[in-house]
Amino acid sequence: MKYFISQHQHKGEKIMNALREEGWVYRKIEPDIALFDHNVNLSNPCQGRLIVKEYINQGSTIITYPHGATGSWWEDSNSHSAYNTIFADLVIGEGHKHVAEIIQPELDHYTIGWSYCPLKEFKKTQVKKILFAPIHASARTNALREEAIDINTRVYNALIPLSRDYNITVRHLNPLNTIGLRYNSRINFKAGIPDGSYNDIDNADLVIAEGTYMYLSVARGKPTIGMNQHIPIRPNHKLI
């Protein structure tokens, strides 16, 4: 059997490894199945993702896999079009599956479990090192929704006075000014890479984050504070 997978960061690696272990062979041309982390066309919201259409035309069975730990939240919207020939959707957990079934009742959703890191038990510890991972903006345009900029700024401003008593590190993926932050000599800054690394989490006593990085911190057993969990998530792009 032949498969193709469109990789989003590290998110599809474990799926690819599992297929290989079962004897599947990677092929770009006319694979039996083709896996994608989403079916959104950022350039033209009136049609689905063009590479997905390409593999539909090749006769491949289309399967979507998790774009991140928060699931395919953008499917709960009428702001973009998608192809209705997706065969199945892979999800992380039962809660993820429940939400996906409400949003996309026409699809079969299959739980595949957590694969982003080894799980660790929660361990209470004295907080000395705080890791703040502000909500990231678009990797292409550095665009970030207003409510995310607002919470980034408010959390950061609250942390600055604490830097007298705690070692505070800000792990950011975008230029500071695009995500509501500014340089401060009392804060440690680290330019992060979206590669699935959790070393910074393991080195911290407390993590403040949102989205996949927040769930990654919980999975590593760290005390974690989530941001903007009471606000429905929405895209940074208007064309999505």
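It should be noted that the structure appears before, not after, this text.
Note that the coordinates shown come from a computational prediction; the quantities given were computed from them, not determined experimentally.

A. Region of interest: the sheet that holds strand β9 (residues 188-191). One open sheet holds the 5 strands; their spatial order is β9-β8-β7-β10-β11, and the pairing between them is parallel. For this open sheet the edge positions go to β9 and β11 (224-226), each flanked by a neighbour on one side alone. Along the sheet, successive strands turn relative to each other by an average axial angle of 20°, direction set aside. Relative to the sheet, helix α4 (residues 146-162) contacts β7 (129-132), β8 (167-172), β9 and β10 (206-209), its axis offset from that of β7 by approximately 160°. The sheet contacts of helix α6 (residues 211-219) involve β7, β8, β10 and β11, and relative to β11 the element is tilted by about 155°.

B. Geometry of α6. Looking at α6, one finds that the buried residues are G211, Y213, M214, L216, S217 and A219. Those residues of α6 that are buried are in contact with β7, β8, α5 (199-202), β10 and β11. Positioned one or two residues after α6, G221 has a phi angle of 80°, which is positive.

C. Local environment of the packing of aromatic side chains. Evaluated as defined, the whole model comprises 8 aromatic pairs. Ring geometry for F4 against F36: centres 6.0 Å apart, planes inclined by 55°, an arrangement best described as tilted. Of the two residues, F4 is situated in strand β1 (residues 2-5) and F36 in strand β3 (residues 33-36); the sequence distance between them amounts to 32 residues. Of the two residues, F4 and F36, both sit in the buried class. Look at Y156 and F189: their rings are 6.4 Å apart centre to centre, the planes differ by 50°, and that puts the pair in the tilted class. Of the two residues, Y156 is situated in helix α4 and F189 in strand β9; the sequence distance between them amounts to 33 residues. A residue is classified by how much of its surface remains accessible, and Y156, at 1% relative accessible area, is buried. Relative accessible area serves as the criterion here: at 25%, F189 is assigned to the partly exposed category. Counting every residue linked through ring pairs, the aromatic cluster contains Y3, F4, Y26, F36 and Y55.

D. Local environment of the side chain of S60. For S60, the location among the structural elements is in the loop between α2 (50-57) and β4 (61-64). Accessibility expressed as a relative area gives 9% for S60, which makes it buried. Engagement of the side chain of S60 in a polar contact is seen with the backbone oxygen of P31, the distance being 2.7 Å. Setting aside residues up to four positions removed in sequence, S60 forms contacts with E30, P31, D32, I33, A34 and Y55.

E. Main features of the pairing of strand β6 (residues 108-111). In this sheet, β6 lies alongside strand β5 (residues 86-91) in parallel orientation, the contact comprising 4 bridges. Paired with L90 across the two strands is Y110, which belongs to β6. Between the parallel pair β5 and β6, the chain is carried across by helix α3 (residues 94-103), and the sense of this crossover is right-handed.

Analysis parameters
Position numbers for residues start from 1 in each chain and track the written sequence from start to end. With the structure being a predicted model, the display of local features is reserved for residues of pLDDT at least 70 and the display and counting of side-chain atom pairs for 80 or more, all residues being used for whole-chain, interface and lining totals. Think of the side-chain values as coming from all heavy atoms in the structure, minus any hydrogens and water. By the convention used here, strands pair only if DSSP detects at least 2 bridges between them. Labels follow the DSSP assignment, with helices taken as runs of H or I lasting at least four residues and strands as runs of E lasting at least two, numbered in each case from the N terminus. Angular values range over 0 to 180 degrees, each being the angle between N-to-C directions of two axes fitted as lines to C-alpha atoms, with helices fitted over their stretch in contact. Throughout, a contact is declared for two residues whenever any of their heavy atoms are within 4.5 Å. We call a residue buried when its accessible area falls under 20% of the maximum for its residue type, exposed when it is over 50%, and partly exposed in between, using a 1.4 Å probe and counting protein chains only. Only Phe, Tyr and Trp rings are paired, with Trp represented by its six-membered ring, and only when their centres lie within 6.5 Å; those with planes under 30 degrees apart are stacked, over 60 edge-to-face, the remainder tilted. Residues adjacent in sequence count toward polar contacts only when both atoms are side-chain atoms; beyond that, a polar contact is any pair of N or O atoms within 3.5 Å, and within protein one must be able to donate a hydrogen and the other to accept it. When the strands point away from the viewer, a crossover counts as right-handed if the route from the first strand across the helix to the second turns clockwise.

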